[in-house]
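Residues per chain are reported as follows:
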Amino acid sequence: MSNQSARGPDLTGRGEEFLSFWRERHLCSLTTVRADGSAHVVAVGATLDPAAGIARVITSGRSRKVRLIAAGPFEGVAVALCQIDGRRWSTLEGLAVVRDDPASVADAERRYAQRYREPRANPLRVVLEVRITRVLGSV
């Protein structure tokens, strides 16, 4: 699992509507691709660091999504994070890596608590860090 950090584009210039949408409490879907080419789509809680151009998902290190991403190249695995609320929607595409160092996990837990709620204890927790390469959506 990787400990290096890479920045994505600064998304602060996308406007307040976009930034607010990613601060509001919405569940997201995370899409990865299995070895056979089929989509693996799961519900997740995600946070966005617009200045760094990075989205984060906390999860168990034993999950299928973690195994799919950890098996990929060092620079990351292509994923999509989507959220929708009526006619408003946003998709963040990017390259995901797994972070398991305590500082990255603690930072991601803090961000998750700000958007959703305090996460339950999980000694196997890791962070999926997505360096955003493309943004789609209505906001």
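First things first, this report covers the structure right here in the doc. Going along each chain's sequence as written, the residues are numbered from 1 onward. Only residues with pLDDT of at least 70 are given local features in this predicted model, and only at 80 or more are side-chain atom pairs given and counted; all residues enter the totals for whole chains, interfaces and linings. Neither water nor hydrogens contribute to the side-chain values; these are computed over all heavy atoms in the structure.

A short note on the side chain of Asp49
Comment: elements are numbered from the N terminus, with helices defined as DSSP H or I runs of at least four residues and strands as E runs of at least two. With respect to the helices and strands, Asp49 occurs in strand β3 (residues 46-49). Residues are treated as being in contact if the distance between any of their heavy atoms lies within 4.5 Å. For Asp49, the contacting residues outside a window of four places in its chain are Ile54, Arg56 and Arg111.

Brief notes about a nonpolar patch on the surface
Only residues whose relative accessible area exceeds 30% and that form no salt bridge enter a patch; like-charged residues are grouped when within 9 Å of one another, and nonpolar side chains (Val, Leu, Ile, Met, Phe, Trp, Tyr) when within 5 Å. Using a 1.4 Å probe, accessible areas were evaluated by the Shrake-Rupley method; residue-level cover was limited to the displayed protein chains. Each salt bridge in this description consists of a side-chain nitrogen of Lys or Arg and a carboxyl oxygen of Asp or Glu lying within 4 Å of one another. A surface patch of nonpolar side chains, amounting to about 290 Å² of accessible area, comprises Ile84, Trp89 and Leu136. Inspection of the secondary structure puts Trp89 in strand β6 (residues 88-99). When a residue's accessible area, from a 1.4 Å probe over protein chains only, is under 20% of the maximum for its type it is buried; when over 50% it is exposed; and in between it is partly exposed. Look at Trp89 and you get partly exposed, because its relative accessible area is 35%.

So, the sheet that holds strand β4 (residues 54-60)
Pairing within the open sheet is antiparallel, and its seven strands lie in the order β2-β1-β5-β6-β7-β4-β3. Two strands close off the open sheet at either side, each with one partner strand: β2 (39-44) and β3. Between one strand axis and the next, the sheet turns through 30° on average, direction left out of account. Sheet topology note: the strand β5 (residues 77-85)/β6 ladder contains nine bridges and is antiparallel. Along β6, the bridge assignment pairs Asp85 with Arg88. A pair of strands is labelled paired if DSSP reports no fewer than 2 bridges between them. Lines fitted to the C-alpha atoms define the axes, with helices restricted to the stretch that makes contact. Angles between their N-to-C directions range from 0 to 180 degrees.

Some remarks on the packing of aromatic side chains
Two aromatic rings, taken as a pair, are described by how far apart their centres are and by the angle between their planes. By convention, a stacked pair of Phe, Tyr or Trp rings (six-membered ring in the case of Trp) has centres within 6.5 Å and planes under 30 degrees apart, an edge-to-face pair has planes over 60 apart, and any other such pair is tilted. Going through the model one piece at a time under the given rule, you end up with one aromatic pair. When the ring of Tyr112 is compared with that of Tyr116, the centres are 4.8 Å apart and the planes differ by 35°; the resulting orientation is tilted. Under the relative-accessibility criterion, Tyr116 is labelled buried at 10%.

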